[in-house]
Amino acid sequence: MRTVTLGPEGTYSHRAASAIDDDDEIGFRQSVTSIVEAVATDEYDRGIVPIENSIEGSVTESLDAVAEYDVAIVREIVTPIRHALLAQGPEFDTIASHSQALAQCRSYLEREYPDATLEAVASTAQGVEFARDDASIAGIGHPANADIENGLEVLAEDIQDQDSNATRFFALASADERSTGGGKSTFVVYPNANYPGLLLELLEPFAERDINLSRVESRPSGQRLGDYVFHIDVEAGLYESRTIEALEDIEELAEKGWVRRLGSYDTEHVVE
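Computed from a prediction, not measured in an experiment: that's the story for all the values here. Residue positions are given per chain, counted from 1 along the sequence in the order it is written. Per-residue local features are limited, in this predicted model, to residues with pLDDT of at least 70; the limit for side-chain atom pairs, both in listing and counting, is 80 or more; totals at the level of whole chains, interfaces and linings are taken over all residues. The basis for every side-chain value is the complete set of heavy atoms in the structure, and neither hydrogens nor water enter the calculation.

This next bit is on the sheet that holds strand 12 (residues 184–190). Strand-to-strand pairing in sheets goes through backbone hydrogen bonds, with the strands running parallel or antiparallel. As summarised here, the arrangement of the four strands in space is 13-14-12-15, forming an open sheet in which the pairing is antiparallel. Lying at the two open borders of the sheet, with one neighbouring strand each, are strand 13 (213–220) and strand 15 (258–265). Put simply, the sheet's adjacent strands are angled 15° from each other on average, direction ignored. Whether two residues are in contact is decided by their heavy atoms: any pair within 4.5 Å suffices. Helix axes are fitted to C-alpha atoms over the stretch in contact, other axes to C-alpha atoms as well, and angles between N-to-C directions run from 0 to 180 degrees. Under the scheme used here, helices are H or I runs from DSSP no shorter than 4 residues and strands are E runs no shorter than 2 residues, and both carry numbers assigned from the N terminus. Against the sheet, helix 8 (residues 241–253) touches strand 12 and strand 15, its axis set at about 155° to strand 15. For two strands to be treated as a pair, DSSP must find at least two bridges joining them.

So, about the packing of aromatic side chains. Only the six-membered ring of Trp is used, alongside the rings of Phe and Tyr, when aromatic pairs are assigned; centres must lie within 6.5 Å, and planes under 30 degrees apart are stacked while those over 60 apart are edge-to-face, with the rest tilted. Summed over the entire model, instances satisfying the criterion amount to five aromatic pairs. Measuring from centroid to centroid gives 5.7 Å for Phe 187 and Phe 206, while their planes differ by 25°, and the two rings are stacked. Taken together, the positions of Phe 187 in strand 12 and Phe 206 in helix 7 (residues 198–207) put the pair 19 residues apart, joining distant regions of the chain. There is no split in this pair, since Phe 187 and Phe 206 are both buried. Put simply, the rings of Phe 92, Tyr 108 and Tyr 113 touch in pairs and so form one group of aromatic residues. Accessibility here uses a 1.4 Å probe with only protein chains present; expressed as a share of the type maximum, an area under 20% marks a residue as buried, one over 50% as exposed, and anything in between as partly exposed.

What follows concerns the UniProt feature "domain: ACT" (unreviewed entry) in the chain. UniProt positions are given in the numbering used here, feature names are shortened, and annotations may be inferred rather than shown by experiment. With numbering aligned to this structure, UniProt lists the feature "domain: ACT" (unreviewed entry) at residues 187–264. Taken end to end, residues 187–264 has its terminal C-alpha atoms 9 Å apart, with 29% of it in helix and 33% in strand.

Over the atoms, a rolling probe the size of a water molecule traces out where space has been left empty. Cavity: a set of points on a 1 Å grid over the protein atoms alone where a 1.4 Å probe fits but cannot get out. Pocket: an open set with protein on both sides within 12 Å along at least five of seven lines, its lining residues, like those of a cavity, having an atom within 4 Å of a point. Grid points are joined across faces, edges and corners, and a volume is the space filled by probe spheres set on the points. Summed over all chains, the structure comprises one cavity of 30 Å³ or more. Looking at the largest cavity, its volume works out to about 240 Å³. Around the largest cavity sit 18 residues that line it, and Tyr 12, Pro 50, His 98, Gln 100 and Thr 124 are the ones nearest its centre. Where the lining of the largest cavity is concerned, the elements lending two or more residues are helix 1 (12–20), strand 3 (46–53), helix 4 (99–104) and strand 11 (166–174).

All right, on to helix 7 then. Residues spaced three or four apart along an α-helix face the same direction, because each turn holds 3.6 residues. All buried positions along helix 7 are accounted for by Leu 198, Leu 202, Pro 205 and Phe 206. The arc enclosing the buried residues of helix 7, seen along the axis, measures out at 110°, which places them on a common side. Facing away from the buried side of helix 7 by more than 90 degrees, the exposed set consists of Leu 200 and Ala 207. At its buried positions, helix 7 is contacted by strand 12, strand 13, strand 14 (228–234) and helix 8. Taking the helix axis as origin, the arc is that swept by the directions to the C-beta atoms.

As used throughout, domain bounds are those supplied by an automatic or database domain assignment. When its domains are assigned, the chain resolves into domain 1 (1–80 + 166–178), domain 2 (84–156) and domain 3 (179–265). The C-alpha-based centres of domain 1 and domain 2 are spaced at 24 Å. The interface is formed by 14 residues belonging to domain 1 together with 14 residues belonging to domain 2. Defined here as a combined quantity, buried area equals the accessible surface (1.4 Å probe) lost by two parts on assembly, summed across both. In this assembly, domain 1 packs against domain 2 so that about 1,100 Å² is buried in total across both faces, 54% of it on carbon and sulfur atoms. Considering only the side of domain 1, the residues that lose the most area to domain 2 are Pro 8, Tyr 12 and Glu 56, jointly responsible for 43% of the buried surface there. Salt bridges, as used here, are contacts in which a Lys or Arg side-chain nitrogen is within 4 Å of a carboxyl oxygen on Asp or Glu. A salt bridge links Glu 56 to Arg 106, with the shortest nitrogen-to-oxygen separation between them at 3.9 Å. Polar contact is the term for a pair of N or O atoms within 3.5 Å; when the atoms are in protein, one must be able to donate a hydrogen and the other to accept it, and sequence-neighboring residues count only if both atoms are side-chain atoms. At the junction of domain 1 with domain 2, the criterion picks out five residue pairs in polar contact (both at pLDDT 80 or more). Taken together, the elements giving at least two residues each to the side of domain 1 that touches domain 2 come down to helix 1 and strand 4 (57–58). Tallied by class, residues from the side of domain 1 that touches domain 2 come to four nonpolar, seven polar and three charged. When residue character is reported, Ala, Val, Leu, Ile, Met, Phe, Trp, Tyr, Cys and Pro are called nonpolar, Asp, Glu, Lys and Arg charged, and the others, Gly included, polar.

To continue, consider the sheet that holds strand 9 (residues 137–141). Strands sit in the order 8-7-9-6-10 across an open sheet of five strands; the sheet is mixed. Only two strands of the sheet have a single neighbouring strand rather than two, namely strand 8 (117–121) and strand 10 (153–157). Sheet twist, expressed as the mean angle between neighbouring strand axes with direction ignored, is 30°. In this structure, strand 7 (residues 94–98) lies alongside strand 8, joined through five bridges in parallel fashion. Along strand 8, the bridge assignment pairs Ile 95 with Leu 118.

This is the structure we're talking about:
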């Protein structure tokens, strides 16, 4: 099994990929979009991408990429996020990490390092690499990324603003692996319309059939201002008659646009 995720080695995405199968051959990309594309074109069998964080919310690049490319969601991985401040020593003037990690540690950074320059980079592991190469830079990442032999030490642990910090990852596969079995399902709806009550009409088919919506998110369609694509997670499998009936109603409402079923899947919680 060839798996691709955000690199370099040591990112939280890498940890999520290793947790589900540490025997996989894991490759790395620098953007979520390139990961999804690599799976859609069968360059890799699986792609692991972050979809939502409990503090900072959805990862918009992931939402846009799964709407653009025809892929399947085959698994959901939920993993706790433990941020540590890593540096060669206590003297530095720049803190580099992924933008989400910087945001998740905002209170700590403002309190302890108000004068430091915050630099957003492609991943937490890349920030750690910068810190390993440059004593004037600190990184934010998992404490396991500290490397005493190379002079990188943990200056502070658990610096995230909330102890309950966790991230959802989607395991993606080619579209032909899409499943209808699982406890949750995700689909993307583009109504190609805009009128009063549209969103209510899109949600009613689920409420009428007692289907819980665990996430509803809108993203710009890119076609025109005020035009949106809707990402919907439901706590029901696509094999269930109630889900099938609800989607039939949704497809009627979106007859000028499209509805993409990304698949049904189960959730795995990774402790560490």
